[in-house]
Amino acid sequence: MAKYNMSLESTSKLIMQSSSELYEDKFFKMFVVLNEQVCVGMISLYEHSSSIVSIGPDIFKKYRQRGYATEAMKAAMDIARAKGYKIVCQQIRTNNNASIKLHTKLGFETDNYVFRNRNNNEIVLYIKSLI
């Protein structure tokens, strides 16, 4: 697990460790979210199909509500678009108000259909076109 206030050297090592870009034969890439030279979180891209990707932002608690997740999501969507993905599909827990607010702010859409995922959490899909 990443630690708060990682050095630039430690951050670089973490990025190198996630450089394989494959997980279960699908594209997967993790990026470190930096503020100057401080690691404030991580964000990942995971391929579901040749046109659909999900993005997993994780901003460390002490750095939340400062806009890092918004900027990291925008950068991740730019990367996904450049790699040819057309849709971002997010599974968001119904009780994760911060994530719902973030995705709404970024223009994601939902039909508010609630289902239970394999961990038995109540989930709603949020979708955004990258085209």
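This structure is a prediction, so every number in the text was calculated from the model and none was measured. Sequence positions are assigned chain by chain, starting from 1 and proceeding in written order. Side-chain atom pairs in this predicted model are given and counted only at pLDDT of 80 or more, local residue features only at pLDDT of at least 70, and totals for whole chains, interfaces and linings cover all residues. Side-chain measures were taken over the full set of non-hydrogen atoms in the model, leaving aside hydrogen atoms and water.

A.B. asks: For the overall build of the protein, give the residues involved together with the corresponding values.
C.D. replies: Secondary structure follows DSSP: runs of H or I at least 4 residues long count as helices, runs of E at least 2 residues long count as strands, and numbering of each begins at the N terminus. A count of helical and extended segments in the protein gives three helices and seven strands. Burial statistics for the protein: of 131 residues in total, 34% are counted as buried. Within the protein, contacts between residues separated by at least 24 positions form 49% of all contacts whose residues are at least 6 apart in sequence. In short, Shrake-Rupley with a 1.4 Å probe defines the accessible areas, and a residue's cover is counted only from the protein chains shown. Surface summary for the protein: the accessible area is close to 8500 Å², and the carbon and sulfur share equals 50%. A simple rule labels every residue: compare its accessible area, found with a 1.4 Å probe on the protein chains alone, to the largest value its type can have, and call it buried under 20%, exposed over 50%, or partly exposed in between. Pairs of residues are marked as contacts when any of their non-hydrogen atoms sit within 4.5 Å.

A.B. asks: Explain the layout of surface pockets residue by residue, including any values.
C.D. replies: Volume-wise, the largest pocket comes out at about 1400 Å³. Cavity and pocket criteria rest on a 1 Å grid covering protein atoms alone: a 1.4 Å probe that fits but cannot get out defines a cavity, protein on both sides within 12 Å along at least 5 of 7 lines defines an open pocket, and an atom within 4 Å of a point defines a lining residue. Taken together, 38 residues form the lining of the largest pocket, with Gly56, Pro57, Asn96, Ser99 and His103 sitting closest to its centre. Charged means Asp, Glu, Lys or Arg here, nonpolar means Ala, Val, Leu, Ile, Met, Phe, Trp, Tyr, Cys or Pro, and polar covers whatever is left, Gly included. In terms of residue class, the lining of the largest pocket is made up of 15 nonpolar, 15 polar and eight charged. Grid points are joined across faces, edges and corners, and a volume is the space filled by probe spheres set on the points.

A.B. asks: Which residues make up unusual backbone geometry, and what values go with them?
C.D. replies: The residue Gln65 is not glycine, and still its phi comes out positive at about 65 degrees. Relative to the elements of secondary structure, Gln65 occurs in the loop between β4 (52–59) and α2 (68–82). Note on Gln65: relative accessible area 85%, which makes it exposed. A positive phi is found at Asn112, a non-glycine position, where the angle reads about 60 degrees. Position of Asn112 among the secondary structure elements: in the loop between α3 (97–105) and β6 (114–116).

A.B. asks: How would you summarise the side chain of Lys128 if you had to cite specific residues and measurements?
C.D. replies: The topology assignment puts Lys128 in strand β7 (residues 122–129). Under this definition, polar contacts are N or O atom pairs within 3.5 Å; protein pairs additionally need one hydrogen-donor-capable and one acceptor-capable atom, and for neighbouring residues in sequence, both atoms have to be side-chain atoms. Within the local environment of Lys128, its side chain forms a polar contact with the backbone oxygen of Leu106, the two atoms lying 2.9 Å apart. Aside from chain neighbours lying at most four places away, what touches Lys128 is Met77, Lys86, Ile87, Val88, Leu106, Gly107 and Phe108.

A.B. asks: Lay out the pattern of salt bridges with the relevant residues and their values.
C.D. replies: Opposite charge on two side chains permits them to pair, given that their charged atoms come into close proximity. Note on definitions: salt bridges are taken to be side-chain nitrogens of Lys or Arg within 4 Å of carboxyl oxygens of Asp or Glu. Per the counting criterion, the structure on display carries three salt bridges. Between Lys74 and Glu71 there is a salt bridge, with the nearest N and O atoms lying 3.6 Å from each other. You can see Lys74 and its partner Glu71 sitting in helix α2, three residues apart, about one turn around the helix. The class for Glu71 is partly exposed, based on a relative accessible area of 48%.

A.B. asks: Pulling in residues and values, what's your account of the packing of aromatic side chains?
C.D. replies: Classification of ring pairs uses Phe, Tyr and Trp, with its six-membered ring standing for Trp, and accepts pairs whose centres are within 6.5 Å; under 30 degrees between planes counts as stacked, over 60 as edge-to-face, and the remaining range as tilted. Going through the model one piece at a time under the given rule, you end up with one aromatic pair. Relative to Tyr68, the ring of Tyr63 has its centre 6.5 Å away and its plane inclined at 70 degrees; by these criteria the two rings are edge-to-face. Take Tyr63: its relative accessible area is 7%, and that puts it in the buried class. Taking the relative accessible area as the measure of exposure, Tyr68 reaches 16% and is therefore buried. Taking NZ or CZ as reference, Lys29 lies 6.0 Å from the ring centre of Phe31, over its face. Think of it as a cone above the ring: NZ of Lys or CZ of Arg counts as a charge over the ring if it is within 6 Å of the ring centre and within 35 degrees of the ring normal.

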